[in-house]
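Single-letter residue listing:
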Amino acid sequence: MKILNYPNNYETERLLIRPLNLDDIIIWRTFLADERSTKHFPSYMKNRDAARALTWIEKQICRYRDKKGGLMALIEKESGRFVGQSGLLVQQINGKEELEVGYHLLPEFWGKGLATEAAQFFKTLAFQISDVPSIVSNIEISNFPSQAVAKRNGLENSGQFKWLDLDVFIFRISRESAK
């Protein structure tokens, strides 16, 4: 599965969305160092050193190059502050290649509807730039705020499975349902 014409610079009502770059490592290190941010992450991703932030950003840049999506930087228009990351990710889920809408916000921006705004934007974009029959969000079973974002984005829980060392729910919406 390849995602065409991605990434670009985009915007929503309150967010500027741009590709990540190596300058974003400093702020992403802050995200990874906050236990609230990584509470629902696989254990291998809870390493809080600078190398983990670099690897994370580099992985997204490689995804862009390989046309496999990638998380993008979310910038609050009003303040110009880095809010977090969201985007489309080609993932292996239950042995099948799926297109996922992912989102991670710095804790100070939680509860403001920005994750929902970004997720809704990327859901729409996914169906515009790919031919996938559905999109998913892969969410750890105790991550109720992220599950609420997926539901507000029109995705429905379609089952539970093991992903890495986590029990997760897979939320899904079909192309037809998204219209």
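Calculation criteria
The residue numbering used here restarts from 1 in each chain and proceeds along that chain's sequence as written. The model is predicted, so local features are restricted to residues of pLDDT at least 70 and side-chain atom pairs to those at 80 or more, both for listing and for counting; the totals for chains, interfaces and linings are taken over all residues. Side-chain metrics rest on all non-hydrogen atoms present in the structure, leaving aside hydrogens and water. Burial classes: relative accessible area under 20% of the type maximum marks a residue as buried, over 50% as exposed, and values in between as partly exposed (1.4 Å probe, protein chains only). Secondary structure counts use DSSP, requiring at least four H or I residues in a row for a helix and at least two E residues in a row for a strand, with both numbered from the N terminus. By construction, the arc corresponds to the directions joining the helix axis to the C-beta atoms. Only rings of Phe, Tyr and Trp enter the pairing, Trp through its six-membered ring, and a pair is recorded when the two centres are within 6.5 Å. The plane angle decides the type: under 30 degrees is stacked, over 60 is edge-to-face, the rest tilted. Pairing of N or O atoms within 3.5 Å defines a polar contact, subject to two protein rules: one partner must be a possible hydrogen donor and the other a possible acceptor, and residues neighboring in sequence count only if both atoms are side-chain atoms. Whether two residues touch is decided by their heavy atoms; if any such pair falls within 4.5 Å, the residues are in contact.

### What to know about helix H1 (residues 25-33)
Since there are 3.6 residues in each turn of an α-helix, residues three or four apart along the chain are aligned in direction.
Here is step 1 of the chain: Turning to H1, its buried residues are Ile25, Trp28, Phe31 and Leu32. Down the axis of H1, the sector holding all buried residues measures 110 degrees, keeping them to one side.

### Comments concerning the packing of aromatic side chains
Here is step 1 of the chain: Applying the stated criterion across every chain, the model contains 8 aromatic pairs.
Here is step 2 of the chain: Each ring, one from tryptophan 28 and one from phenylalanine 31, has its centre 4.0 Å from the other, and the planes form 10 degrees; the classification is stacked. Placement of the pair is tryptophan 28 and phenylalanine 31 together in helix H1, with a separation of 3 residues, close to one helical turn.
Here is step 3 of the chain: With a relative accessible area of 2%, phenylalanine 31 lands in the buried category.

### Quick notes on the side chain of serine 137
Here is step 1 of the chain: Mapped onto the elements, serine 137 comes out in strand E6 (residues 134-140).
Here is step 2 of the chain: Within polar-contact distance, the side chain of serine 137 engages the backbone oxygen of valine 101 at 2.8 Å.
Here is step 3 of the chain: Those residues in contact with serine 137 that sit more than four places away from it in its chain are Glu100, Val101, Tyr103, Ala150, Leu155, Phe169, Ile170 and Phe171.

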